[in-house]
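Coordinate inspection notes
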Amino acid sequence: MNRSTKIQEKDLTGHLEVLKNFNLNPALNSIVDWMPTKANYNIPFTVDAKSRYEWDNGGPNLRPGSIEFYTDGSKMNNNTGAGVYGPGIKKFIPMGHYPTVFQAEVYAIVECACICLKRNYRFTNICIFSDSLAALNSLKGYTCQSRLVWEGVNLLKQLSQNNVVNLYWVPGHCGILGNEIADSLARKGSETDFIGPEPFFGVPDCSMKMELKIWELSTVKFIWNTTDTSRQAKRFIFPNEKSSRELLKLDKKNFRVITGLLTGHCPCKYHLFNMGKTADSICRFCQMETETSEHLLCSCGALIQSRISIFGKGVLQPSDIIRFRLGRVIDFIKKVDPNWDKTQ
């Protein structure tokens, strides 16, 4: 059977809507940091992660005449920066919006290696200090999928051809002078506007996932706020990932209880009256108002003490309900009517 693949935009309805194009920031697709896995078994430089205890007792023992550099990365107010401090160098680097702190930490080490290569060091013991254990571990890894990390590995290998290169972890914000200066330089970089085309370098997977997550949440909120149905459910529900996860953890019976209460499709008399199963919709507890799920959960005067014992408040707003643990809502409705989940 021949099937046409010429699907048009108007055909993408229902579940096929997932095939529609959606617009993300084009910068995210221009350059990516990911690359196919490359092996790295020859590591001529060392990475030493001294414990905090060892640093409290003086840190690593360096050879006399060693050249020390300190590197750091920072992200503040959605801007990223890197800093390098060492002999004759106090450099800060603005990096724009897209790099992560991890990338900033790695790039600071890359920049330090470039500085050393430009200075044409020979037969020197070069010590590079960083407070990012993740960055250091990535550089000594046996496999690599990051273009930036791979660039750093190759530069350090090149620097190690004529020098002894050692990378050390240093605890951050512990009063170690070199690290404190590098930290202030990195913060200055993140506070300085980046001038030039972005992204600064390849965008990592985590940034793309975050952008997709933001797009997903904004789309869900837009659809929820603009739909002209679900009047009662909108009184209780607003897009909330934490509450959704909690809801999905419930067993089938409690899931039915909660969804019924939030949507109004439950054994409250208002719903039963609309279905023709009761003679009236007056609240069975206060005998005054219409018995909706909102009335029972939030404002029924006869249930004030029950609400105080479960929620800590006698009167609630509909928007308060989803903020409580859903187990409390279930406990409340079963307290006021033990047969609630058995009523058809």
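**Points about the side chain of threonine 292**
One can find threonine 292 in the loop between helix H11 (269-274) and helix H12 (293-299). In this view, threonine 292 contacts Cys268 and Tyr270; residues no more than four positions away in its chain are not counted.

**Focus: helix H6 (residues 177-191)**
In a regular helix each residue adds 1.5 Å, so 15 residues correspond to 21 Å; H6 covers 21 Å between its end C-alpha atoms and thus fits that length. Those residues of H6 that sit buried are Gly178, Asn179, Ile181, Ala182, Asp183, Leu185, Ala186, Gly189 and Ser190. Its buried side turned inward, H6 meets strand E3 (67-76), strand E4 (79-86) and strand E5 (89-96).

**Here's the deal with the sheet that holds strand E6 (residues 125-130)**
Sheet architecture is open: 6 strands sit in the order E2-E8-E6-E3-E4-E5, paired in mixed fashion. Every other strand in the sheet has two partners, leaving strand E2 (46-48) and E5 as the edge strands with one partner each. Looking at each pair of strands side by side, their axes are set apart by 20° on average, direction ignored. Pairing analysis gives 7 bridges linking E4 to E5, with the strands arranged antiparallel. In the sheet register, glycine 83 faces E5, and the bridge partner there is phenylalanine 92. Set on the sheet, helix H5 (residues 147-160) makes contact with E6 and strand E8 (164-169); between it and E8 the angle comes to about 135°.

**Remarks on a nonpolar patch on the surface**
A surface patch of nonpolar side chains, amounting to about 220 Å² of accessible area, comprises Ile304, Ile308 and Val315. Position of valine 315 relative to the elements: it lies in the loop between helix H13 (304-311) and helix H14 (318-321). The exposure class assigned to valine 315 is exposed, which follows from its relative accessible area of 51%.

**Structural notes on a positive patch on the surface**
On the surface, a cluster of positive charge is contributed by Lys242, Lys249, Arg325 and Arg328. Following the sequence through the fold, arginine 325 ends up in the loop between H14 and helix H15 (326-336). Given the relative accessible area of 59%, arginine 325 is considered exposed.

**So, the nonpolar core**
Ranked by internal contacts, the top residues of the largest apolar core, which has 46 residues, are Phe69, Leu156 and Leu167. If one sorts the elements of this core by residue count, helix H3 (residues 101-118) sits on top with 10 residues. Contact partners of leucine 167, with chain neighbours within four places excluded, come to Phe45, Thr46, Val47, Asp48, Ile109, Ile128, Leu136, Leu139 and Leu156. In terms of nonpolar packing, the next biggest core, distinct from the first, is built from 27 residues, Phe236, Phe311, Phe324 and Val329 among them.

**As for the packing of helix H10 (residues 252-263) against H15**
Two elements in contact, H10 and H15, have axes whose closest approach is 10 Å; the angle formed by their N-to-C orientations is 85°. Overall, the two elements H10 and H15 adopt an arrangement that is roughly perpendicular. Residues Asn254, Val257, Ile258 and Leu261 of H10 touch H15, and the partners they reach there are Leu326, Val329, Ile330, Ile333 and Lys334. Here the contact of H10 with H15 is built from residues that sort into 7 nonpolar, 1 polar and 1 charged.

**Notes on the environment of alanine 233**
Within the fold, alanine 233 resides in helix H8 (residues 231-236). With 43 residues separating them along the chain, alanine 233 and glycine 276 place their C-alpha atoms 22 Å apart.

**Brief notes about the packing of H3 against H5**
Remark: H3 packs on H5, axes separated minimally by 9 Å, with the N-to-C direction vectors making an angle of 25°. The angle between H3 and H5 places the two elements in the roughly parallel class. Every pair of crossing elements has a handedness; the one defined by H3 and H5 is left-handed. From H3, Phe102, Gln103, Val106, Tyr107, Ile109, Val110, Ala113, Cys114, Cys116 and Leu117 reach across to H5, where they touch Leu148, Val149, Glu151, Gly152, Leu155, Leu156, Gln158 and Leu159.

**What about the pattern of salt bridges?**
Across all of its chains, the model carries 12 salt bridges by this definition. The partner of aspartate 48 in a salt bridge is lysine 50, with the nearest N and O atoms 3.4 Å apart. Residue lysine 50 is classed as partly exposed on the basis of its relative accessible area of 22%. Among the ionic pairs, glutamate 216 bridges to lysine 213, the shortest N-O distance being 3.6 Å. Placement of both glutamate 216 and lysine 213 in helix H7 (residues 205-226) is noted, with a separation of 3 residues, approximately one turn of the helix. The exposure class assigned to glutamate 216 is partly exposed, which follows from its relative accessible area of 36%.

**A look at the packing of aromatic side chains**
Enumeration according to the criterion identifies 10 aromatic pairs in this entry. Centroid distance tyrosine 70 to phenylalanine 129: 4.7 Å. Interplanar angle 15°. Geometry classified as stacked. Remark: phenylalanine 129 occurs in strand E6 and tyrosine 70 occurs in strand E3; sequence separation between them is 59 residues. Across this residue pair, the class does not change: tyrosine 70 and phenylalanine 129 are buried. Put simply, the rings of Trp55, Tyr70, Phe129 and Tyr168 touch in pairs and so form one group of aromatic residues. The cationic tip of lysine 234 hangs over the ring face of tryptophan 224; the distance from NZ or CZ to the ring centre is 5.9 Å.

The rules we used
- Along each chain, residue indices are assigned from 1 in the same order as the chain's sequence is written.
- Where local features are concerned, this predicted model is filtered to residues with pLDDT of at least 70; where side-chain atom pairs are given and counted, the filter is 80 or more; whole-chain, interface and lining totals use all residues.
- Neither water nor hydrogens contribute to the side-chain values; these are computed over all heavy atoms in the structure.
- For the purposes of this entry, the term helix denotes a DSSP run of H or I that reaches at least four residues, the term strand denotes a run of E that reaches at least two, and both are numbered from the N terminus.
- Contacts are assigned to residue pairs with any non-hydrogen atoms lying within 4.5 Å of each other.
- In this analysis, the expected span of each helix is defined as 1.5 Å times one less than the number of residues it contains.
- We call a residue buried when its accessible area falls under 20% of the maximum for its residue type, exposed when it is over 50%, and partly exposed in between, using a 1.4 Å probe and counting protein chains only.
- The pairing criterion is simple: DSSP has to find at least two bridges between the two strands.
- Axis definition: a line fit to C-alpha positions, over the contact stretch in the case of helices; interaxial angles, taken between N-to-C directions, run 0 to 180 degrees.
- Within the patch definition used here, like charges are joined within 9 Å and nonpolar side chains (Val, Leu, Ile, Met, Phe, Trp, Tyr) within 5 Å, considering only residues with over 30% relative accessible area and no salt bridge.
- The protein chains shown are the only cover counted for residues, whose accessible areas, like all others here, come from Shrake-Rupley with a 1.4 Å probe.
- Salt bridges are defined as contacts in which a side-chain nitrogen from Lys or Arg sits within 4 Å of a carboxyl oxygen from Asp or Glu.
- Charged residues are defined here as Lys and Arg on the positive side and Asp and Glu on the negative side; His and the ends of the chain fall outside this count.
- Taken as the charge location is NZ of Lys, CZ of Arg, CG of Asp or CD of Glu.
- In this text, buried Ala, Val, Leu, Ile, Met, Phe, Trp, Tyr and Cys residues form a nonpolar core when linked through side-chain atoms within 4.5 Å.
- With respect to orientation, any angle under 35 degrees is reported as roughly parallel, any angle over 145 as roughly antiparallel, any angle of 65 to 115 as roughly perpendicular, and every other angle as oblique.
- Charged means Asp, Glu, Lys or Arg here, nonpolar means Ala, Val, Leu, Ile, Met, Phe, Trp, Tyr, Cys or Pro, and polar covers whatever is left, Gly included.
- Take the far helix as the reference: if the near one is turned anticlockwise from it by less than a right angle, the crossing is left-handed, and if turned clockwise, right-handed.
- To pair, rings of Phe, Tyr and Trp, with the six-membered ring standing in for Trp, must have centres within 6.5 Å; the planes then decide the type, stacked if under 30 degrees apart, edge-to-face if over 60, and tilted in the middle.
- In this analysis the charged atom, NZ for Lys or CZ for Arg, is taken to sit over a ring once it is within 6 Å of the ring centre and within 35 degrees of the ring normal.

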